Amino acid sequence: MQEAISFGTWLRKQRRALDLSQKALAEQVGCAEVTLRRIETDRLKPSKELANILLENIGIPDSERPTWISFARGVSGFPFPANVSDKRNTNLPSSITTFIGREKEQADVTRLIAKYRLVTFTGAGCIGKSRLAMRVGEQIARDYPGGVWLVELAPIVDPLLIPQTTALTLGIREDPNRPVIELLCDTLREKRILLLLDNCEHVLDACAQLIDALLETCPQLKILVTSREPLNITGEAIYRVPSLTLPDPQQILDTFGNYESIRLFEERAQLIQLDFSLTVDNIASIAEICQRLDGIPLAIELAAAKVAAFTPGQIAKQLQDSFTLLAHGSRTALPRHQTLRASIDWSWSLLSESEQRLLLQLSVFAGGWTLEAAHAVCDGDVLTLLNFLVSKSLIVMNQRTGTLRYSFHETIRQYAREKLMGAGGGEAIRDKHLAYFMKLVEQAEPELYRAHQIFWFKKLEDELDNFRKALEWALATDVAAGLRILAIPWRFWQRRKYFQELRDWLRKLLERYPEPDLLRAQALVAYCVYIMRSGDFLEARKAAEQGLHLARSVAHRQTEALGLLYLGALFHDEYIQESRPFLEQSLALYRVLDDKNGQAAALYWLGWKQGRQDSEDSKPLLLESLQLYREVGNLIGIADCLEELAIQAIWAGDFASARLWLEEARKIYHDLGNQSDEAGIVNGLGNVAYGQGNYQKARAYFEESLALYGRPSVWWSIYANVGLAYMDLRQGDIPKARAGFAEVIQRAYKENYIDVLLWATDGIASLLVDQKQFEFAIRLVAWVDSMREKLGNSRPFIEQTFYERDVAALLTKLDEADFAQFSEEGRAMTLDQAVALALWPSEVR
């Protein structure tokens, strides 16, 4: 007697057999996920309509559905006689492990096979072609009365055995008097069958001949093929199987389960270690593992199998330079699928000698390459061989950025690199790689402040990983080349804000290059630029002075002018008058050199410095700089001037002008692909909305700014954070506002950025007034006032009204003597004391 079963239990089993999550099935049938959860736990009976939709999605035939609806509604028991049989006319193997993700790919292929009679899955080894094809076969099996039949071709070495293997799979007996292909055609002529020919890449010609003959004579036959390269026959629809979706390591833990690669790792790891789960501590390492393995399912499964012996962090570390960790796969798998290396060895063995040589040479690139770069670094008929390697799924072609680029899966690159090092000759190819990228920056430098700078910035951005590889080699073999890569296109590196990395590279290179020549002078000035942007002004000034001295000793006036420019830019707000002589000397020298870009830069910095004291005096300088930048077509210079004009307009309360300047600057930064600078502009638009009293719009801008910065650790994001804290304050969320201001003050104090620290401290003072903690509030107000007077730094216009309101409230709530005493105490506080007071008391309701 069969054990009684509820509809909810049965439904849950059927859903899991179909490898559907509750969320996925709920979306398919159009109900809430919580509704489906209640049905599966027998806390809710589905309506007749919902039961019918559920049963349709589960696969219950129309003729049997009334009985099943009665069961679902609780009217009758489990319908044993009408039970659906899952037995199919197929030899597809039952899946031992769950099939993760690939919903879009499954839908895409289902549509393709409905439209075309031949669909070929292509992609790199272990990308999941076979598993996806079999999954699709399972899903559409009911459409093929003649069955879905898998023909395994991987073990076949002799191409002549392909027809016999197919016939054997279909149960067709051979006739010694007739060709096997003829027997196959006659048998399948009237049948509606789906054939799945798996792993055809090593016997392509024989497969193409068989498939062509079958399709020509069997009108109801459809064929799915998996291969690392297409068959290239008439009527073939090619579907390139992508890697599993990969996470951004910066995202929060809750979203990681949405990524197929992460889900696959977790589930396969749980087969080895039952209590394995995603945690805050291991998720970054798991994301790195999946990224390094390019989302290749087999590679991820092999890595997940190591959790019994290694932590995810240890696995990620060992994957950086070695395949040895990914050994010992399933004993029952094909030998070439037991390890990742064995799978790539299989692909390697199918290449010609010239293809192998090019693959080895291309492994010197990191992050991809252009055809131009490949021609410069590699030997042979590069274009033809590249196309061959693309067709064999060993190289990926990408044109999303508007420029045709090629790249490896990282696993293929590491394999080829190991082969190259083992074969010798790696030094020569790295020399050519370094030489090419040094010439590229020399070619790019004059274009970085001209009309085509958008193209050149994006071109250099595409090559970041290659520059890093080139610098590694330069540090070991050719320090001068490394200095040229970093010092010549300093405008590019400055805008991309990789300051700590640049600082480290230049420091190491300068230590190995003592020559007192022009190159060292240029490198020292560039070093100053990068250090200044990371906040170390003392070291930056030392580098600028050394670079200026060297530039004068070798009589290179261009570098001398740049050294003067950045010496002037280095001074803090409290030393603005000391900066002016350096900037004026730089401007004069650039005028002698007739360098409009240099003149514009000097005028910009003069305007920037003057704006911290008197925006009216600074505006003519900035407008003159803007005009010069427009004359030479320097988009970055134009955007910088527009942004500074807007900032000063916001502080003066001219929101209409500020918005126009900001919108033009935003478009420029967006076109340049400079997301960090665009984030700063969006933050400015938030301040405009704040100044106009539109707090909801301001909040949206500040949040968008943070999203554009991409990482909360980016220094400039602090301005968006202080804006959000003000929004919380003005909209009455006091605890959140206090936490936001406290975080900003701590960061600004640590990095010695006084302007934003003062702005956030003003916010704390205003909050304390609202909370009736008047003694603390007046001390902070007085301290901020004294600091602004000392620095010549005016209060932002958008806060002036609130400031005046707060001071009026304090004058009302405190008698004259107390007000004077607390004000005097506040003005006498040190920076440390003021910060401590702003962060205390800890409880403000």
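Thresholds, definitions, all that
- Residues numbered from 1 in each chain as written.
- Predicted model: local features only at pLDDT ≥ 70, side-chain atom pairs only at ≥ 80, totals over all residues.
- Heavy atoms only, no water.
- Core = buried A, V, L, I, M, F, W, Y, C linked by side-chain atoms within 4.5 Å.
- Buried < 20%, exposed > 50% of the residue type's maximum accessible area, 1.4 Å probe, protein only.
- Helix = DSSP H or I, 4+ residues; strand = E, 2+ residues; numbered from the N terminus.
- Contact = heavy atoms within 4.5 Å.
- Pairing = 2+ DSSP bridges.
- Axes fitted to C-alpha atoms, helices over the stretch in contact; angles between N-to-C directions.
- Left-handed = near helix turned anticlockwise from the far one by under 90°.
- Nonpolar A, V, L, I, M, F, W, Y, C, P; charged D, E, K, R; others polar.
- Expected span 1.5 Å × (residues − 1).
- Phe/Tyr/Trp six-rings, centres within 6.5 Å; stacked < 30°, edge-to-face > 60°.
- Lys NZ or Arg CZ within 6 Å of the ring centre and 35° of its normal.

(A) Local environment of the nonpolar core. Leu-362, Trp-369 and Ile-395 are the most contacted members of the largest nonpolar core, which totals 178 residues. Counting residues per element, this core draws most heavily on helix H28 (residues 518-533), which supplies 12 residues. Apart from the residues within four sequence positions on either side, Ile-395 is in contact with Leu-359, Leu-362, Trp-369, Leu-386, Leu-389, Val-390, Tyr-406, Ser-407 and Phe-408. Counting residues in hydrophobic clusters, the runner-up holds 44 residues, among them Leu-92, Ile-113, Ile-283 and Ala-304.

(B) Here's a closer look at the pairing of strand E3 (residues 194-198). Most of E3 sits inside the fold, with five of its five residues counted as buried. What you see with E3 is no split at all: Leu-194, Leu-196 and Asp-198 on one side and Leu-195 and Leu-197 on the other are buried throughout. Relative to E3, strand E2 (residues 148-152) runs parallel, the two being bridged by five bridges. If you follow Leu-150 over to E3, its bridge partner there is Leu-196.

(C) Main features of the packing of helix H22 (residues 426-444) against helix H24 (residues 464-477). At a minimum axis distance of 9 Å, the contact between H22 and H24 shows a crossing angle of 115 degrees. Every pair of crossing elements has a handedness; the one defined by H22 and H24 is left-handed. Every residue of H24 that contacts H22 at Glu-427, Arg-430, Asp-431, His-433, Leu-434, Phe-437, Leu-440 and Val-441 is listed here: Asn-466, Phe-467, Lys-469, Ala-470, Glu-472, Trp-473, Ala-474 and Thr-477. Of the residues that constitute the contact of H22 with H24, the class distribution is eight nonpolar, three polar and five charged.

(D) Just helix H41 (residues 774-791), in detail. The end-to-end C-alpha separation of H41 is 26 Å, in line with the 26 Å expected for 18 residues at 1.5 Å each. Burial within H41 is extensive, with 15 of its 18 residues counted as buried. The first or second residue beyond H41 is Gly-792, which carries a positive phi of 65 degrees.

(E) Molecular detail of the side chain of Glu-643. Here Glu-643 shows up in helix H34 (residues 635-652). Setting aside its immediate chain neighbours within four residues, Glu-643 contacts Tyr-669, Gly-680 and Ile-681.

(F) Geometry of the environment of Leu-362. Here Leu-362 shows up in helix H18 (residues 353-362). Relative accessible area serves as the criterion here: at 0%, Leu-362 is assigned to the buried category. Sequence-wise, Leu-362 and Val-377 are 15 residues apart; in three dimensions their C-alpha atoms are separated by 8.2 Å. In contact with Leu-362, not counting residues within four places along its chain, are Trp-369, Ala-374, Cys-378, Leu-386, Leu-389, Ile-395 and Phe-408.

(G) Examining the packing of aromatic side chains more closely. On inspection of all chains with the given rule, the structure shows 25 aromatic pairs. Considering the side-chain rings of Phe-655 and Phe-797, the 6.0 Å spacing of their centres and the 65 degrees angle between planes classify their relative orientation as edge-to-face. Here Phe-797 lies in helix H42 (residues 797-813) and Phe-655 lies in helix H35 (residues 655-672), a separation of 142 residues in the sequence. With relative accessibility at 9%, the residue Phe-655 sits in the buried group. The class of Phe-797 is partly exposed, set by a relative accessible area of 38%. By way of ring pairs, the aromatic residues Phe-365, Trp-369, Tyr-406, Phe-408, Tyr-436, Phe-437, Phe-457, Phe-467, Phe-492 and Trp-493 are connected into one cluster. Taking the ring centre of Tyr-144 as reference, the NZ or CZ of Arg-192 above it sits at 4.8 Å.

By themselves, these observations are geometric and do not establish any function.
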